[in-house]
Amino acid sequence: MLSKQKIVPHLWFNKEAQEAVEFYINIFPNSSINNTIYLDGTPSGDTIIISFEIAGFSFMAINGGPYFQFNPSISFIVNFDPSRDYHAKENLDELWKKLSQGGKILMPLQEYPFSKHYGWIEDKFGVSWQLILTNPNGEERPFIVPSLMFVQDVYGKAEEASNFYLTVFNRSKRGQVARYPAGMEPDKEGTLMFTDFMLEEQWFSAMDSAQPHNYQFNEAISLLVKCDSQEEIDYYWDKLSYDSKAEQCGWLKDRYGISWQIWPNIIEEMMNNATKEQMDRFTKIFLQMKKFNINKLKEAFQGN
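Residues numbered from 1 in each chain as written. Predicted model: local features only at pLDDT ≥ 70, side-chain atom pairs only at ≥ 80, totals over all residues. Heavy atoms only, no water.

Here we look at the overall build of the protein
Phase 1 of the analysis: Helix and strand content of the protein: seven helices and 15 strands.
Phase 2 of the analysis: Whereas a compact globule of 304 residues would reach a radius of gyration of roughly 19 Å, the protein reaches 20 Å, a difference of no more than 12%.
Phase 3 of the analysis: With respect to the principal axes defined by its C-alpha atoms, the protein has extents near 65 × 35 × 35 Å.
Phase 4 of the analysis: Burial analysis of the protein (304 residues in total) assigns 53% to the buried set.
Phase 5 of the analysis: Of all intrachain contacts in the protein linking residues separated by at least 6 positions in sequence, the fraction that spans at least 24 positions is 64%.
Phase 6 of the analysis: Surface summary for the protein: the accessible area is close to 14600 Å², and the carbon and sulfur share equals 48%.
Phase 7 of the analysis: Distance between charge centroids for the protein: 3 Å, based on 29 positive and 40 negative side chains. (Helix = DSSP H or I, 4+ residues; strand = E, 2+ residues; numbered from the N terminus. Rg over C-alpha atoms; globule rule 2.2 N^0.38 Å. Buried < 20%, exposed > 50% of the residue type's maximum accessible area, 1.4 Å probe, protein only. Contact = heavy atoms within 4.5 Å. Areas by Shrake-Rupley, 256 points an atom, 1.4 Å probe, with all protein chains shown as cover. Lys, Arg positive; Asp, Glu negative; His and termini not counted. Charge placed at Lys NZ, Arg CZ, Asp CG, Glu CD.)

Things to note about the nonpolar core
Phase 1 of the analysis: One finds Y24, W129, F150, Y165, L240, W260 and I262 to be the most contacted residues of the largest nonpolar core, which totals 86 residues.
Phase 2 of the analysis: It is helix α1 (residues 17-27) that contributes the most residues to this core, six residues altogether.
Phase 3 of the analysis: Residues in contact with I262, not counting those within four places in the same chain, are V225, C227, I233, Y236, W237, L240, G250, L252 and F292. (Core = buried A, V, L, I, M, F, W, Y, C linked by side-chain atoms within 4.5 Å.)

Re the pattern of salt bridges
Phase 1 of the analysis: Counted according to the given criterion, the structure contains 14 salt bridges.
Phase 2 of the analysis: The closest approach of N and O atoms between E232 and K6, which form a salt bridge, is 2.2 Å. On the criterion of sequence distance, the pair formed by E232 in helix α4 (residues 230-240) and K6 in the segment before β1 (7-13) is long-range, its members being 226 residues apart.
Phase 3 of the analysis: Put simply, D234 and K291 hold a salt bridge, and the shortest N to O gap is 3.0 Å. Placement of the pair is D234 in helix α4 and K291 in the loop between α6 (276-288) and α7 (294-302), with a sequence separation of 57 residues.
Phase 4 of the analysis: Taking relative accessible area as the criterion, D234 reaches 25% and is therefore assigned partly exposed. (Salt bridge = Lys/Arg side-chain N within 4 Å of Asp/Glu carboxyl O.)

A word on the packing of aromatic side chains
Phase 1 of the analysis: Enumeration according to the criterion identifies 31 aromatic pairs in this entry.
Phase 2 of the analysis: With 5.7 Å between their ring centres and 55° between their planes, F23 and Y24 make a pair best called tilted. The same class applies to F23 as to Y24, namely buried.
Phase 3 of the analysis: When the ring of F169 is compared with that of W260, the centres are 5.5 Å apart and the planes differ by 25°; the resulting orientation is stacked. Note that F169 is positioned in the loop between α3 (158-168) and β10 (173-179) and W260 in strand β15 (residues 259-264), a separation of 91 residues in sequence. You'll find F169 and W260 in the same group, each marked buried.
Phase 4 of the analysis: Members of the aromatic cluster, connected to one another through ring pairs, are F13, F23, Y24, F28, F52, F57, F59, F70, F76, F125 and W129.
Phase 5 of the analysis: Directly above the ring of F164 sits R255, whose terminal nitrogen or CZ lies 4.2 Å from the centroid. (Phe/Tyr/Trp six-rings, centres within 6.5 Å; stacked < 30°, edge-to-face > 60°. Lys NZ or Arg CZ within 6 Å of the ring centre and 35° of its normal.)

Looking at the side chain of S147
Phase 1 of the analysis: Summarising the element assignment, S147 is placed in strand β9 (residues 144-150).
Phase 2 of the analysis: A polar contact of 3.5 Å, which involves the side chain of S147, links it to the side chain of Q130.
Phase 3 of the analysis: Ignoring anything within four residues of it in the chain, the contact list for S147 reads S73, I74, S75, I77, Q130 and S205. (Polar contact = N/O pair within 3.5 Å; in protein donor to acceptor, adjacent residues only side chain to side chain.)

Written out as structure tokens, the structure reads:
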């Protein structure tokens, strides 16, 4: 069954995808593995792709080898809303405790000006989570929201980038905007302390940070866009791809360094129903592609 979610965070692990996914579905409510695909003969050797849900929000994970390391430039906000959950604070604390095992605290769990109860933590696999007791006033937000932090070379670009994404995707709108005031150096007055925005009816957030971070966006977490047609693939590829050297196997990088995958839904359908011979032909062809061509994928699958 294909997820209705248009944009799916994709997590690149060395060899820990299965272990990590099982960890997440055990500690988050309403979570499950939807599909597991095994691939032979990739550049990373035999690998596994897992589609799963955390609290009803779709993710994908892959064992891709030791090429990329998770960092906090892309994290996941987890909203605990007291107006929807009477035990929101207790549930936040319980999840924090589980994520803390073998993890690393980036911001301690405590009261901040923007929340009475908030903490930022990196779990034992390196994936970052921001747990927050939300203010129930205003428009409701989903439980999980991917968060983009613009640092180093793209510091100060959070507003420009989110404006750009709003023009690329349909059913989109701006949400909250909070800017740094004067006196919060090294952050410049007027840059974005926080904003959130909707793309394809999914919420994302963004912020600038001038603090001395030693990381930036990379392929460890990419955003996979599910497409029904070649027209859609061509559209998103043309809009988002900025670095031709980064184009490979459906992957691209945009002008801000964020990695995207432009992914035809038919890939998942074919992989789920493939014989070994079909999978071998299919894998050989799609690994050679930059932008996916649906007709050529179908021909390879059918042996034409």
